[in-house]
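As a plain string of letters, each chain reads:
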Amino acid sequence: YLVLIQLFLGNSCRFIAKPCAINLGIQDSGPHRAQPNAILEKVFTSITKSPDGKRLEGLSKQLDWDVRKIQRWFRQRRNQDKPTTLTKFCESMWRFTFYFSIFFYGIRFLWTAPWFWDTRQCWYNYPFQPLTSRLYYYYILELAFYWSLMFSQFTDIKRKDFLIMFVHHLATIGLITFSYMNNMVRVGTLVLCLHDASDFLLEAAKLANYAKYQRLCDAFFMLFGVVFIVTRLGIYPFWILNTTLFESWELIGPYPSWWLFNGLLVTLQVLHVIWSYLIIRTAYKALVRGKVSKDDRSDVESSSEEEDVTSNSTKGIFSTSSNGSNRLNGHVAAGQWTGE
């Protein structure tokens, strides 16, 4: 299934996402490229991508360049390795397709499941609960998808939230595998469906941003923020954690793996709080200041103070500076919030 996910990624980008991006006028162009310089290129590739003050002064004397000009060159050189808008649009489209499809598949499946309406049903007759084919495919597809995210995280651009995303993917894969092996698939389906509820809205917002539909982008982002906070800070602790912590203890007692299972679920809740804080902070800046000055997790750097001013004057929740926008894999874009 992991191979199928990767094939789906490649084919959807090539035959669906790319033609759509071209029709929307999205060009395959990245940030401004640094001017060729053999000395700086050698330092960049062999020594450091972010030289300190002492090295900058030495390069300034060697090249007879101003220090600010050298700093600008290194920023541009780092940025030119970032993915283009077309690449990011294709990545967001295949993610949107998967999240949208798997979420509504889960809703359709769970709508007729008794434990969707009464979480105590997750523990009746445990562990002697049948594993239907629909439930099996739902679980395996989700597991394969998160494994693909885990692998791609090491090849994509590293972000400041790399550790948080790594812990999230690790906890998610651990939960899916652990719950499957222990036949806790009923409560597992609830967790999976709940987490998929907001993800496709975030990808839709990014697609609108790349296509320069700003109002649509802002609307999707605000809707994403509301759904994310309601599901992760409301429904998840009072619905999911309530049944795993208290109802399971009452109905089947403290089984041996109870502490590990709930420990992983609580870890996810801690990550939910962190991400909700970032979303609320971004929304606050957008509403109060009318702009988002800079996202702390941005992977694209401003090449000068003048470009920073230009970027900061751009309005809208997903306003993008002139030197690029969000990363290939994750939740936050340059000058904007991206997700989970």
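The rules we used
- Residues numbered from 1 in each chain as written.
- Predicted model: local features only at pLDDT ≥ 70, side-chain atom pairs only at ≥ 80, totals over all residues.
- Heavy atoms only, no water.
- UniProt positions renumbered as here; feature names shortened; annotations may be inferred.
- Helix = DSSP H or I, 4+ residues; strand = E, 2+ residues; numbered from the N terminus.
- Axes fitted to C-alpha atoms, helices over the stretch in contact; angles between N-to-C directions.
- Left-handed = near helix turned anticlockwise from the far one by under 90°.
- Nonpolar A, V, L, I, M, F, W, Y, C, P; charged D, E, K, R; others polar.
- Expected span 1.5 Å × (residues − 1).
- Buried < 20%, exposed > 50% of the residue type's maximum accessible area, 1.4 Å probe, protein only.
- Contact = heavy atoms within 4.5 Å.
- Polar contact = N/O pair within 3.5 Å; in protein donor to acceptor, adjacent residues only side chain to side chain.
- Salt bridge = Lys/Arg side-chain N within 4 Å of Asp/Glu carboxyl O.
- Patch = residues over 30% accessible without salt bridge, like charges linked within 9 Å, V, L, I, M, F, W, Y side chains within 5 Å.
- Areas by Shrake-Rupley, 256 points an atom, 1.4 Å probe, with all protein chains shown as cover.
- Core = buried A, V, L, I, M, F, W, Y, C linked by side-chain atoms within 4.5 Å.
- Phe/Tyr/Trp six-rings, centres within 6.5 Å; stacked < 30°, edge-to-face > 60°.
- Parallel < 35°, antiparallel > 145°, perpendicular 65-115°, else oblique.

## With respect to the UniProt feature "transmembrane region" (unreviewed entry) in the protein
And then number 1: UniProt records the feature "transmembrane region" (unreviewed entry) for residues 96–116, 136–155, 162–181, 220–239 and 259–280 in the present numbering.
And then number 2: As annotated, residues 220–239 comprises 100% helix and 0% strand, and the C-alpha atoms at either end are separated by 26 Å.
And then number 3: Annotated as 100% helix and 0% strand, the span residues 259–280 places its first and last C-alpha atoms 31 Å apart.

## A closer look at the packing of helix α5 (residues 85–110) against helix α9 (residues 185–210)
And then number 1: Their axes nearest at 7 Å, the elements α5 and α9 cross at an angle of 150°. For the pair α5 and α9, the crossing hand works out as left-handed.
And then number 2: Here the contact of α5 with α9 is composed, by residue class, of 18 nonpolar, four polar and six charged.

## Here's the deal with helix α4 (residues 67–79)
And then number 1: The terminal C-alpha atoms of α4 lie 18 Å apart, and with 13 residues this matches the ideal 18 Å at 1.5 Å per residue to within 8%.
And then number 2: Listed as buried for α4 are I70, W73, F74, R75, Q76, R77, R78 and N79.
And then number 3: Those residues of α4 that are buried lie in contact with α2 (38–46) and α3 (53–63).
And then number 4: Between the side-chain oxygen at the start of α4 and the backbone nitrogen of R68 there is a gap of 2.9 Å, and the oxygen is on D66.

## What about the pattern of salt bridges?
And then number 1: As enumerated under the stated definition, the model contains three salt bridges in all.
And then number 2: Ionic pairing is found between R120 and E250, a salt bridge with its closest N-O pair at 3.3 Å. Remark: E250 occurs in helix α10 (residues 214–252) and R120 occurs in the loop between α6 (114–117) and α7 (133–152); sequence separation between them is 130 residues.
And then number 3: As a salt-bridge pair, K206 and E203 come within 3.2 Å of each other at their nearest N and O atoms.

## Brief notes about a nonpolar patch on the surface
And then number 1: A surface patch of nonpolar side chains, amounting to about 430 Å² of accessible area, comprises M222, Y284, L287 and V288.
And then number 2: In terms of residue count, the dominant contributor to the nonpolar patch is helix α11 (residues 258–288) (three residues).
And then number 3: Mapping M222 onto the fold places it in helix α10.
And then number 4: Take M222: its relative accessible area is 31%, and that puts it in the partly exposed class.

## Some remarks on the nonpolar core
And then number 1: Ranked by size, the top nonpolar core spans 56 residues in total, and within it L110, W115, Y236 and F261 carry the most contacts.
And then number 2: Of all the elements in the fold, those that place two or more residues in this core are α5, α6, α7, α8 (162–181), α9, α10 and α11.
And then number 3: Here the element with the most residues in this core is α9; it accounts for twelve residues.
And then number 4: Look past the residues within four positions of W115 in its chain and what remains in contact with it is F109, L110, Q121, C122, L135, R186, T189 and L190.
And then number 5: In this structure, A34, V43, L63 and F74 belong to the second largest nonpolar core, which totals eleven residues.

## Some details on the side chain of T243
And then number 1: Mapped onto the secondary structure, T243 falls in helix α10.
And then number 2: Exposure remark for T243: the relative accessible area of 0% places this residue in the buried category.
And then number 3: Within the structure, the side chain of T243 is placed 3.4 Å from the backbone oxygen of T119, a separation counted as a polar contact.
And then number 4: Sequence-distant contacts of T243, that is, excluding residues within four places in its chain, are made with T119, W123, V187 and S248.

## Digging into the packing of aromatic side chains
Note on aromatic pairs: each is described by the distance of the centres and the angle between the planes.
And then number 1: Enumeration over the complete set of coordinates arrives at 30 aromatic pairs.
And then number 2: Between F116 and W239 the ring centres are 6.0 Å apart and the planes differ by 85°, which places this aromatic pair in the edge-to-face class. Taken together, the residues span a long stretch of sequence, with F116 in helix α6 and W239 in helix α10 at a distance of 123 residues.
And then number 3: Residue F116 is classed as buried on the basis of its relative accessible area of 17%.
And then number 4: The partly exposed category is assigned to W239, whose relative accessible area is 24%.
And then number 5: Where W123 meets Y126, the ring centres are 6.1 Å apart and the plane angle is 70°; that geometry is what we call edge-to-face.
And then number 6: What makes W123 buried here is its relative accessible area of 2%.
And then number 7: Overall, Y126 belongs to the buried group, its relative accessible area being 18%.
And then number 8: In textbook terms, an aromatic cluster arises when at least three aromatic residues are bridged by ring pairs, as seen for W94, F98, Y99, F145 and Y146.

## Structural notes on the packing of α7 against α8
And then number 1: It is the contact of α7 with α8, at a shortest axis distance of 10 Å, that shows an interaxial angle of 155°. As the angle between them shows, α7 and α8 are arranged roughly antiparallel. At the point where α7 passes α8, the crossing takes the left-handed sense. For the pair α7 and α8, contact is made by Y136, Y139, E142, L143, Y146, W147, L149 and M150 and by F166, H168, H169, L170, T172, I173, I176, T177, S179 and Y180, respectively.

## Regarding the environment of L143
And then number 1: Residue position: L143 is located in helix α7.
And then number 2: Along the sequence, L143 and G174 sit 31 residues apart, while their C-alpha atoms lie 9.5 Å from each other.
And then number 3: Not counting the four nearest positions on each side in its chain, L143 is found in contact with I173, I176 and T177.

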